[in-house]
Amino acid sequence: MLDLNRRYDVLVIGGGNAALCAAIGARRSGASVLVLEGAPKFYRGGNTRHTRNMRCAHDAATDILTGPYTEEEFWEDLLRVTGGQTDEELARLMIAESKDMLNWIVEQGVRWQPSLGGTLSLGRTNSFFLGGGRAMLNALYRTAEQLGVDVLYDAEVVDIEIDNGMFLSAKLKQGDGEARVRAATLVAAAGGFEANIEWLKQYWGAAADNFLIRGTPYNRGTILKMLLAKGVQEIGDPTQCHAVAIDARAPKFDGGIITRHDSVVFGIVVNRDAQRFYDEGEDIWPKRYAIWGRLVAAQPGQIAYIIFDSSVRHSFMPTLFPPIECDSLAGLAAQLELDPAALEKTIADFNAAVRPGTFDHTILDDCRTEGVMPPKTHWARRIEAPPYLAYPVRPGITFTYLGTRVNKQARILMTDGTPSANMFAAGEIMAGNVLGQGYAAGIGMTIGSVFGRIAGREAAKNARN
Ligand SMILES: Cc1cc2nc3c(=O)[nH]c(=O)nc-3n(C[C@H](O)[C@H](O)[C@H](O)COP(=O)(O)OP(=O)(O)OC[C@H]3O[C@@H](n4cnc5c(N)ncnc54)[C@H](O)[C@@H]3O)c2cc1C
């Protein structure tokens with residue numbers, strides 16, 4: 001039984017990667033630490049449970065990474081995917097600190113494995129967690145508990161007391177009971193607001209009813225909302241988020257990685273009018289997979305269909321749901337409830353526009369269309385080998401970018417620009433400092449690990465002074 005009347009040095013709200021890195025960092029710096037995880041123990045760890053890998057800079061190949069990935073190359077990748085919408089000082093700090101993360105995370109019990117193959121091609125840049133995100137989390141929880149970090153599950157924080165930029169206490173709800181916890185410092189690591197459909201609707205309107213949430217239903221943004229309402233400076237565009245195309249048959253929440261489709265480059269994508277709406281071959285998939293959620297969100301009914309043929313059915317990682325298939329295009333259209341004539345025409349026009357080339361999905365190859373709008377600029381091949389196959393897809397929201405502004409100590413800034421006396425933030429809740437828009441695979445975990453570790457260390461230092 002924990003004594004909630006004691007005053008901890010550091011209170012961490014959240015139970016994912018950012019929270020655990022902060023808790024371990026603070027405890028290793030000598031602080032007493034309490035972690036409040038809103039989810040029950042089985043569901044602990046938020047979106048981190050679903051992750052597979054993390055992007056870290058390194059100057060040379062490692063046991064599991066096939067070659068160097070310098071700080072400068074990481075920075076240039078981030079600059080490109082965000083279109084410059086990033087805080088350069090914080091981004092460069094994160095990238096520099098990510099180098100040490102490859103070892104630090106192993107020191108906390110996490111193990112790496114080489115990259116999975118397939119369309120993401122991450123073998124040089126991203127380290128994969130042996131056993132996936134759950135195994136990674138289990139290692140972090142084990143280490144935290146061995147170090148003496150206290151953890152409460154099913155402990156949703158429902159109120160935070162802040163006076164003039166200074167955190168005083170948090171009210172938590174556990175079952176029917178409530179308790180108030182005091183601490184010298186706060187680390188907010190409670191994720192974004194992606195699971196709060198009502199909040200999403202403020203920016204997306206009724207379309208948000210058709211969004212599927214890929215991760216935890218517990219990231220409802222309650223802590224973010226409280227902080228912003230109590231004088232914390234916000235960062236980021238509320239409509240910006242990481243969103244991919246996922247199977248329309250996936251559950252509303254927590255479907256995880258096995259519902260994501262990586263087959264776009266192998267076929268075409270049509271909307272419910274059976275019309276193509278975007279260049280499926282614009283750039284290599286790791287640089288483009290995260291735009292397809294937003295593209296589908298902009299289509300009528302927020303639904304689209306990836307259409308391909310039997311020649312490529314084994315060219316990408318299989319997903320939970322099998323493709324819908326039929327020997328004729330008209331029959332496929334009927335199953336998808338699309339106008340058969342419209343689908344046949346779209347595919348006939350596309351096939352007629354395909355120019356000869358040498359197919360290679362790992363490079364920007366010369367297989368392209370000519371005379372069709374939108375073009376498919378790479379990997380264009382005729383769809384002509386029955387059976388014809390399709391995946392219905394909807395926007396799958398991964399995490400939102402609206403967050404709390406922080407400085408290089410991961411210290412929260414108040415609306416007047418002054419640093420909070422004792423509040424820090426890490427992970428999704430402050431991801432917008434680095435990600436103004438766009439995404440490159442594995443950065444979510446870099447943000448949580450690097451800023452989590454900094455927040456924990458700085459909170460511990462703050463508590464001692
Ligand atoms: C399917 C999927 C796959 C992904 N794959 C990758 C990947 O391979 N690599 C990568 O870098 N990123 C990936 N991401 C993104 C990644 O999951 C996040 O960027 C990262 O896990 C965020 O960590 P976090 O600790 O900030 O948030 P989370 O891990 O989501 O943790 C937030 C925590 O806050 C808790 N919480 C929320 N509100 C409260 C409250 N009021 N009181 C108490 N607790 C609260 C939640 O229960 C949860 O434990 C993936 C995401 C999804 C959904």
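This write-up is about the structure you can find in this document.

Conventions adopted
Residues numbered from 1 in each chain as written. Predicted model: local features only at pLDDT ≥ 70, side-chain atom pairs only at ≥ 80, totals over all residues. Heavy atoms only, no water. Helix = DSSP H or I, 4+ residues; strand = E, 2+ residues; numbered from the N terminus. Rg over C-alpha atoms; globule rule 2.2 N^0.38 Å. Buried < 20%, exposed > 50% of the residue type's maximum accessible area, 1.4 Å probe, protein only. Contact = heavy atoms within 4.5 Å. Lys, Arg positive; Asp, Glu negative; His and termini not counted. Charge placed at Lys NZ, Arg CZ, Asp CG, Glu CD. Pairing = 2+ DSSP bridges. Axes fitted to C-alpha atoms, helices over the stretch in contact; angles between N-to-C directions.

Now for the overall build of the chain. Within the chain, the secondary structure is distributed over 11 helices and 19 strands. Here the chain has a C-alpha radius of gyration of 23 Å; the compact-globule value for 465 residues is 23 Å, and the two agree. Structurally, the chain occupies a C-alpha span of about 70 × 50 × 40 Å along its principal axes. Counting over 465 residues, the chain shows a buried share of 59%. Relative to all contacts within the chain whose residues are 6 or more apart in sequence, the contacts with residues 24 or more apart total 73%. Computed over 48 positive and 53 negative side-chain charges, the inter-centroid distance for the chain is 4 Å.

Moving on to the sheet that holds strand β3 (residues 53–55). Strand order in this open sheet of three strands is β3-β5-β4, and the pairing throughout is antiparallel. Lying at the two open borders of the sheet, with one neighbouring strand each, are β3 and β4 (112–113). By the bridge criterion, two bridges tie β4 to strand β5 (residues 126–129) in an arrangement that is antiparallel. Within β5, the residue paired with W112 across the bridge is F129. Lying on the sheet, helix α11 (residues 443–464) is in contact with β3 and β5; it crosses β3 at an angle near 75°.

As paired strands, strand β7 (residues 156–163) and strand β8 (residues 166–174) are joined by seven bridges and run antiparallel to one another. Bridge pairing links V157 to L172 in β8. Hairpin connection between β7 and β8: a loop of two residues separates the two successive antiparallel strands, and N164 in this loop has a positive phi of roughly 55°. Here β8 runs beside strand β9 (residues 177–188); their pairing, made up of six bridges, is antiparallel.

Another point: the environment of Y218. Counting through the fold element by element, Y218 comes out in the loop between β10 (212–213) and α6 (222–229). Classification of Y218 as partly exposed rests on a relative accessible area of 40%. For the pair Y218 and I383, spaced 165 residues apart in the sequence, the C-alpha separation amounts to 42 Å. Discounting chain neighbours no more than four positions away, the residues touching Y218 are G38, A39, P40 and Y43.

Tracing the backbone through its elements, the reader meets M54 in strand β3. By relative accessible area, M54 is classed as buried at 0%. Separated by 47 residues in the primary sequence, M54 and M101 have C-alpha atoms spaced 9.6 Å apart. Other than its neighbours up to four places away in sequence, M54 contacts M101, W112, T125, N126, S127, F129, G442, M445, T446 and S449.

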